[in-house]
Amino acid sequence: DTLAMITEFSGGLAGFSGVAAALLQRRGGIGQIDKIRVTVNILTALIPGFAAFVCVVLVYFGGELAVAVQWAGAAMAVLVFMLVVFTLLMVSRLSEEQRKGFNPFVSVFAQTLFLAVVLSQSYNVLTEPAGTFALLVMGLFLVLLAGGAMFAGMVWQLIGNDVADV
C-alpha cells in the first residue's frame with residue numbers, strides 16, 4: 001500500500017509539473033532555465049514511482065521483499081545520481097542572463113536531499129543480509145519532498161512573475 005501511494009503521488013507531481021509548464025508556456029514562452037526546471041521536476045517526480053514499481057514487480061514475480069528493496073534502492077540511487085549530474089551540467093552551461101529566475105536555495109535544498117538519498121540507498125544496497133523497507137520508503141519520500149520543493153519554487157516564480165506583470 002505504501003509503495004502504491006508513493007507511485008500515485010509521484011504521478012500526480014509529474015502531472016502538476018506538466019500543468020505548470022503549460023502555464024509557463026502560456027505566460028509568454030519558456031526560457032532555458034524554465035525548460036531545465038520543468039525537465040528536472042518531471043524526472044524527480046518519476047524516479048520514486050519507478051523505484052516503487054521495481055520493488056512491486058520484483059515481489060509480484062516471487063522475489064523476496066529484502067532483495068526487491070535492494071534492487072529498488074540501487075535503481076533509485078543511480079537515477080538520482082544521474083539526475084544531479086544532469087542538473088549541474090545543464091545549469092552550468094547557462095549564461096548569467098539565462099539563469100535569471102534561478103533560485104539557488106531551492107536547488108541547494110533539493111541537491112542536499114538527493115545526496116541524502118544516494119547515500120542512504122547506497123547503504124541500503126550494501127547492507128547484509130538485506131536492505132530495509134523503511135530506508136527505501138525514506139529515500140522515496142525524500143525524492144518526492146525535493147520534487148515538491150522544486151514544484152513549489154516553480155509555482156512561486158510563476159505567481160511572482162504574474163504579479164510583477166500586472
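What you see is a predicted model, and the numbers here were worked out from it, not measured in a lab.

**Q** Can you walk me through the overall build of the chain in this structure?
**A** Counting its secondary structure elements, the chain contains five helices and zero strands. By residue count, 40% of the 166 residues in the chain fall in the buried class. Restricting to contacts in the chain with at least 6 residues of sequence separation, those with at least 24 account for 81%. When the accessible surface of the chain is split by element, carbon and sulfur atoms take 72% of a total near 9200 Å².

**Q** How should I be thinking about helix H2 (residues 32-60) in this particular structure?
**A** An α-helix turns once per 3.6 residues; consequently, residues spaced three or four apart project the same way. For H2, built from 29 residues, the straight-helix expectation of 42 Å at 1.5 Å per residue is met to within 8% by its first-to-last C-alpha distance of 42 Å. Two residues or fewer past H2, Gly62 is found with a positive phi of approximately 95°.

**Q** What is the right way to look at the nonpolar core in this model?
**A** Soluble globular proteins tend to bury their nonpolar side chains together. Core analysis: the biggest nonpolar cluster contains 42 residues, and Cys55, Met76, Val80, Phe114, Leu136 and Leu140 have the highest contact counts within it. Counting residues per element, the ones that place at least two in this core are helix H1 (2-28), H2, helix H3 (65-92), helix H4 (104-126) and helix H5 (133-165). With 11 residues, the single largest contributor to this core is H5. Not counting the four nearest positions on each side in its chain, Phe114 is found in contact with Thr44, Val80, Leu83, Val84, Val143, Ala146 and Met150.

**Q** Would you mind going over the packing of H2 against H3 with me for this structure?
**A** The geometry of a pair of packed helices is captured by two quantities: the angle between their axes and the separation between those axes. For the pair H2 and H3, interaxial distance at closest approach is 8 Å and the crossing angle is 170°. The orientation of H2 with respect to H3, classified from their angle, is roughly antiparallel. Helix-helix and strand crossings are classified by hand; for H2 and H3 the assignment is right-handed.

**Q** Where do I start with a nonpolar patch on the surface in this structure?
**A** Among the surface-exposed residues, Val78, Phe81, Met82, Val85 and Leu89 lie close enough to one another that they form a single nonpolar patch of about 460 Å² accessible area. On the secondary structure map, Met82 appears in helix H3.

**Q** How should the side chain of Ser17 be read in this particular structure?
**A** Structurally, the position occupied by Ser17 is in helix H1. Separated by 2.9 Å, the side chain of Ser17 and the backbone oxygen of Leu13 make a polar contact. Apart from the residues lying within four places of it in its own chain, the contact partners of Ser17 are Val38, Asn41, Ile42, Phe151 and Met154.

**Q** Would you take a moment to explain the environment of Gly31 for this structure?
**A** Among the structural elements, Gly31 can be located in the loop between H1 and H2. Residues Gly31 and Gln98 lie 67 residues apart in sequence; the distance between their C-alpha atoms is 7.3 Å.

**Q** Looking at this structure, I do not really get the environment of Phe50. What am I missing?
**A** Within the secondary structure layout, Phe50 lies in helix H2. The exposure class of Phe50 is partly exposed, given its relative accessible area of 41%. For the pair Phe50 and Ile6, spaced 44 residues apart in sequence, the C-alpha separation works out to 9.9 Å. Leaving out residues up to four positions away in the same chain, Phe50 has contacts with Ala75 and Leu79.

**Q** Just checking my understanding: could you explain the confidence of the model for the chain for this structure?
**A** Note that predicted coordinates carrying low pLDDT should not be read in detail. Looking at the chain, pLDDT values average 79 and 88% of them are 70 or higher. When mean pLDDT is compared element by element in the chain, H3 scores highest at 86, while H5 scores lowest at 74. A low-confidence stretch, residues 162-166 (pLDDT under 50), is modelled with one contact involving residues beyond four sequence positions or located in other chains.

**Q** Would you explain the environment of Ala72 in this entry?
**A** Position of Ala72 relative to the elements: it lies in helix H3. Setting aside its immediate chain neighbours within four residues, Ala72 contacts Ala51, Val54, Cys55 and Leu136.

Procedures and definitions
Counting starts from 1 at the beginning of each chain's written sequence and moves along it residue by residue. In view of the model being predicted, local features appear only for residues whose pLDDT reaches at least 70, and side-chain atom pairs are presented and counted only at 80 or more, with totals across whole chains, interfaces and linings using the full set of residues. Calculation of side-chain values draws on the structure's entire complement of heavy atoms; hydrogens and water are dropped beforehand. Each helix is a run of H or I in the DSSP string that is no shorter than four residues. Each strand is a run of E no shorter than two, and both are numbered from the N terminus. Categorising residues by exposure relies on relative accessible area from a 1.4 Å probe, with only protein chains included: less than 20% of the type maximum marks a residue as buried, more than 50% marks it as exposed, and the intermediate range marks it as partly exposed. Any two residues having at least one pair of non-hydrogen atoms within 4.5 Å are treated as being in contact. Computed with a 1.4 Å probe, the accessible areas rest on the Shrake-Rupley method; for each residue, only the protein chains presented here act as cover. One fewer than the residue count of a helix, multiplied by 1.5 Å, yields its expected span. For our purposes a nonpolar core is just a set of buried Ala, Val, Leu, Ile, Met, Phe, Trp, Tyr and Cys residues, chained together by side-chain atoms within 4.5 Å. For every element, the axis is a line fit to its C-alpha atoms; helices are fit only across the contacting stretch, and the angle between N-to-C directions ranges from 0 to 180 degrees. Should an angle lie under 35 degrees it is considered roughly parallel, over 145 roughly antiparallel, and from 65 to 115 roughly perpendicular; all remaining angles are considered oblique. In a left-handed crossing the near helix is turned counterclockwise from the far helix by less than a right angle, and in a right-handed crossing that turn is clockwise. For patch detection, residues must exceed 30% relative accessible area and be free of salt bridges, and they are connected within 9 Å for like charges or within 5 Å for nonpolar side chains (Val, Leu, Ile, Met, Phe, Trp, Tyr). Within this document, salt bridges are pairs made up of a side-chain nitrogen of Lys or Arg and a carboxyl oxygen of Asp or Glu, the two lying within 4 Å of each other. Identification of polar contacts relies on pairs of N or O atoms within 3.5 Å, with a donor-acceptor requirement for protein atoms, meaning one able to donate a hydrogen and the other able to accept it, and with residues adjacent in sequence counted only if both atoms are side-chain atoms. In predicted models, pLDDT denotes the confidence assigned by the predictor to each residue on a 0 to 100 scale.

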